[in-house]
Amino acid sequence: MSTMEPKQRLEGLSEKIFLDRYAWKDADSNNAKVGDVVLVLTKDDPKFPTKEVGEIVERTGRIVTVKTRSGELVKSDVEKLTLNIEKTPEEMWDRLATAMASVEKTPQLQQEWTGKFRSILDDWKLVPGGRIAAGAGASEELTLFNCYVVPSPKDSRGGIMQTLSEMTEIMARGGGVGINLSSLRPRRAIVRGVNGSSSGSVSWGGLFSYTTGLIEQGGSRRGALMLMINDWHPDVVDFITVKQTMGQVTNANLSVCVSNSFMKAVKEDLDWELVFPDTTDPDYDEIWDGDLDKWKADGRAVIPYRTVKARDVWKTIIESAWKSAEPGVVFMEYYNQMSNSWYFNPIICTNPCGEQGLPGWGVCNLSAVNLSKFYDEKNHDVDWSDLARTTRYSVRFLDNVIDKTPYHFPENEANQKKERRVGLGTMGLAELMIKLNIRYGSPESLEFLDKLYGFMAREAYLASAEIAGEKGSFQAFDTEKYLLSGFMKNITETYPEVGEAIREHGMRNVTVITQAPTGSTGTMVGTSTGIEPYFAFKYYRQSRLGYDEQFVPIAQQWLEANPGQELPEYFVTSMDLSAKDHIRAQAAIQRWVDSSISKTANCPADFTVEETAELYEMAFDLGCKGVTIYRDGSRDVQVLDTKKKE
Ligand code: UDP
């Protein structure tokens, strides 16, 4: 355990993110006193209350005056305050270690695992996902799962309202939600009973998006939304272009689910049929859930709506992504071929940032190993043994989250106990590579990524098999079928010991690895986020006095140690890399990830539509499960800007 003073620990850490988002634990607010840091209600709207961080400057009886960060003075009853009793990461690590070990069977095991978990949380080696960090051991209400997918809506007014209500309840508790709209009948399709026609799947997507905006404004922890549609749906083109119609869908990420046969039709310039089930089928209301293959396999009728050229649909996707970075694409049929749950739970959609494919009612919890902490300076190598230990303990940590989190919907609990899906990822990859003097994107780096992520996958799988030996496999585990997934065939070919361990002990978790963006948590601990390279080493941050020039810590250190010199070539930024370099890195890592990856391929402003198409096709050919691009300057407002504004 660390011997450093708590104050030093906050250095390099985004204290603002730490305090605003994570360091809250309900304590008795009756004892609030002058000087305490608190969350105070600034908008007492019963539906959407807004809270801000502030410091108590005065207390008279039960009434306190709080000075908020924005400088406002707010009066409040002590009862309405949330007291901050966690001011240092150490306190957070203690809370998280104790909470996660509390589900172990015996007091002895609880004690053992509190110590083990605490040792990997220390120094931010394992950085728990935002939801775990905020909720575990602190709240009985908040979900510890980052990711949710609700079943596709039943194609009726009641069904849509049902989905809306499920989405709202999950988001209000902090979960991100994915909804695949393909179950909803297309625009202008006949609606019996009301003698009218449907406004279409995309318009209902607008309703989900609008409601997400309302929940966000409430100032609670944010739940984001992903909307998806399948490539066969007659509304697919409306969906792709909807963001170009101002105001219709503004609070959701959009992705198109693309099949292998669609990609083949694009390659060979074939016709593509847009279809939808026959809604007059007597069992339609009962059984239609968006799964067209299942519907067809049952021998039920499908109505052709339009025949288009696959290339025209593809071109619309590409042009729109080129213009506005959306929609993303998920190669969903390929995803399911690789998926370990292929034989019992098809993946229908992903979470909002795209890294976690899930079945209906599926959930997943995320955490990231902070790779920047695994540099072995003495040997100028990765500290492999510490990485192995951290990876193994992390899998148990995540598995315990499943038993610790509160469940609002029994369907989520039933599904999660059936599959025990977890997603261990990484952050700080770019920082580690700089320490090792490996240039992100170089041929050498691709070999390194293969070795590093293969190593972690092997350790994570061996750990999950070992836990299965001790606590039992996930309910739907079936040795032979499980080992037949695309991912399992690949990993057991390179690491036969993984297959042997699974045959001997079973498997605790259907999937183990997910590469999330780690947007807030990576920024909080001050390293490069997810698997991304640094966006820039020098940046300008707006302050009251204008723009301050800042360097990211690792560049700052290098420049101080080497005065007057330029940063060497292994200090590479996302814009220095070609879009293809980004995709190659993504593909190298995807090989070892059983779920998916959140990754943006940055392209220069003059990148063409044709180059974009080529990039997407390359991603498919290399075995990526999805693609997201960002062309420099293609969105009106850029959050980070590497150029100084005058
Ligand atoms: N997420 C969300 N709202 C947010 C940020 C994230 O719902 O404001 C969910 C979403 O499903 C996303 C996942 O959390 O895909 C992981 O995001 P990230 O790794 O950036 O979260 P962190 O753990 O850093 O908070």
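Model, not experiment: these values are computed from the prediction.

Definitions and limits used
- Residues numbered from 1 in each chain as written.
- Predicted model: local features only at pLDDT ≥ 70, side-chain atom pairs only at ≥ 80, totals over all residues.
- Heavy atoms only, no water.
- Helix = DSSP H or I, 4+ residues; strand = E, 2+ residues; numbered from the N terminus.
- Rg over C-alpha atoms; globule rule 2.2 N^0.38 Å.
- Buried < 20%, exposed > 50% of the residue type's maximum accessible area, 1.4 Å probe, protein only.
- Pairing = 2+ DSSP bridges.
- Contact = heavy atoms within 4.5 Å.
- Salt bridge = Lys/Arg side-chain N within 4 Å of Asp/Glu carboxyl O.
- Phe/Tyr/Trp six-rings, centres within 6.5 Å; stacked < 30°, edge-to-face > 60°.
- Lys NZ or Arg CZ within 6 Å of the ring centre and 35° of its normal.

K.L.:
Could you clarify how one ought to interpret the overall build of the protein in this entry?
P.N.:
Counting its secondary structure elements, the protein contains 24 helices and 26 strands. Relative to its length of 646 residues, the protein is compact, with a C-alpha radius of gyration of 25 Å against a globular reference of 26 Å. Across its three principal axes, the protein shows a C-alpha extent of roughly 70 × 65 × 60 Å. When the 646 residues of the protein are sorted by exposure, 55% land in the buried category.

K.L.:
Looking at this model, I keep getting lost on unusual backbone geometry. Mind explaining?
P.N.:
As a rule of thumb, non-glycine residues mostly have phi less than zero, and peptide bonds are mostly trans rather than cis. In the segment running from glutamate 326 into proline 327, the intervening peptide bond is cis, with an omega of 5°. Inspection of the secondary structure puts proline 327 in the loop between helix 12 (310–324) and strand 15 (328–331). If you check the backbone angles, arginine 188 has positive phi at about 75° while not being a glycine. On the secondary structure map, arginine 188 appears in the loop between strand 8 (176–180) and strand 9 (190–191).

K.L.:
Explain the pairing of strand 13 (residues 271–277) to me, please; I cannot follow it from the model alone.
P.N.:
In the case of a regular strand, side chains alternate between the two sheet surfaces. Where burial is concerned, most of strand 13 is hidden: five out of the seven residues are buried. Bridging between strand 13 and strand 14 (residues 302–309) involves seven bridges; their strand directions are antiparallel. Along strand 14, the bridge assignment pairs proline 277 with valine 302.

K.L.:
Is there a simple way to explain helix 19 (residues 486–494) in this structure?
P.N.:
Residues spaced three or four apart along an α-helix face the same direction, because each turn holds 3.6 residues. Gly486, Phe487, Met488, Asn490 and Ile491 are the residues of helix 19 that are buried. Considering only its buried residues, helix 19 is in contact with helix 13 (332–338), helix 17 (443–471), helix 18 (479–482) and helix 20 (496–505).

K.L.:
What am I meant to see in the pattern of salt bridges here?
P.N.:
Note that side chains of opposite charge can pair when their charged atoms are close. For the structure on display, the rule yields 41 salt bridges. Here aspartate 94 and arginine 118 are joined by a salt bridge, their closest N and O atoms 2.6 Å apart. Here aspartate 94, found in helix 3 (residues 89–101), pairs with arginine 118, found in helix 4 (residues 107–121); they are 24 residues apart in sequence, far enough to count as distant. The exposure class assigned to aspartate 94 is partly exposed, which follows from its relative accessible area of 39%. Among the salt bridges present, the one from glutamate 614 reaches lysine 580, with a minimum N-O distance of 2.8 Å.

K.L.:
Just to check I follow, could you spell out the packing of aromatic side chains for this structure?
P.N.:
For any pair of aromatic rings, geometry is given as the distance between the ring centres together with the angle between the planes. Summed over all chains, the structure comprises 30 aromatic pairs. Where tryptophan 314 meets tyrosine 616, the ring centres are 6.0 Å apart and the plane angle is 75°; that geometry is what we call edge-to-face. Pair noted here: tryptophan 314 is in helix 12 and tyrosine 616 is in helix 24 (residues 609–621), with a separation of 302 residues, a long-range link. Tyrosine 616 carries the same exposure label as tryptophan 314, and that label is buried. Ring geometry for phenylalanine 344 against phenylalanine 474: centres 6.2 Å apart, planes inclined by 35°, an arrangement best described as tilted. Separated by 130 residues along the polypeptide, phenylalanine 344 in the loop between helix 13 and strand 16 (349–350) and phenylalanine 474 in the loop between helix 17 and helix 18 bring together distant segments of the chain. One aromatic cluster is present, built from ring pairs that chain together Trp342, Tyr343, Phe344, Phe474, Phe477 and Tyr482. In this arrangement the basic side chain of lysine 116 is found over the ring face of tryptophan 113, its NZ or CZ atom lying 4.7 Å from the centre. The ring of tryptophan 322 has arginine 631 lying over it, and the distance from NZ or CZ to the ring centre is 3.9 Å.

K.L.:
Would you take a moment to explain the pairing of strand 3 (residues 63–68) for this structure?
P.N.:
Of the strand pairs in this sheet, strand 2 (residues 50–60) and strand 3 are connected by six bridges, and their pairing is antiparallel. Note that in strand 3 the partner of arginine 59 across the bridge is valine 64. Relative to strand 4 (residues 73–77), strand 3 is paired through five bridges, and the arrangement is antiparallel. If you follow lysine 67 over to strand 4, its bridge partner there is leucine 73. Between strand 3 and the antiparallel strand that follows it, strand 4, lie four residues; glycine 71 among them carries a positive phi value of about 95°.

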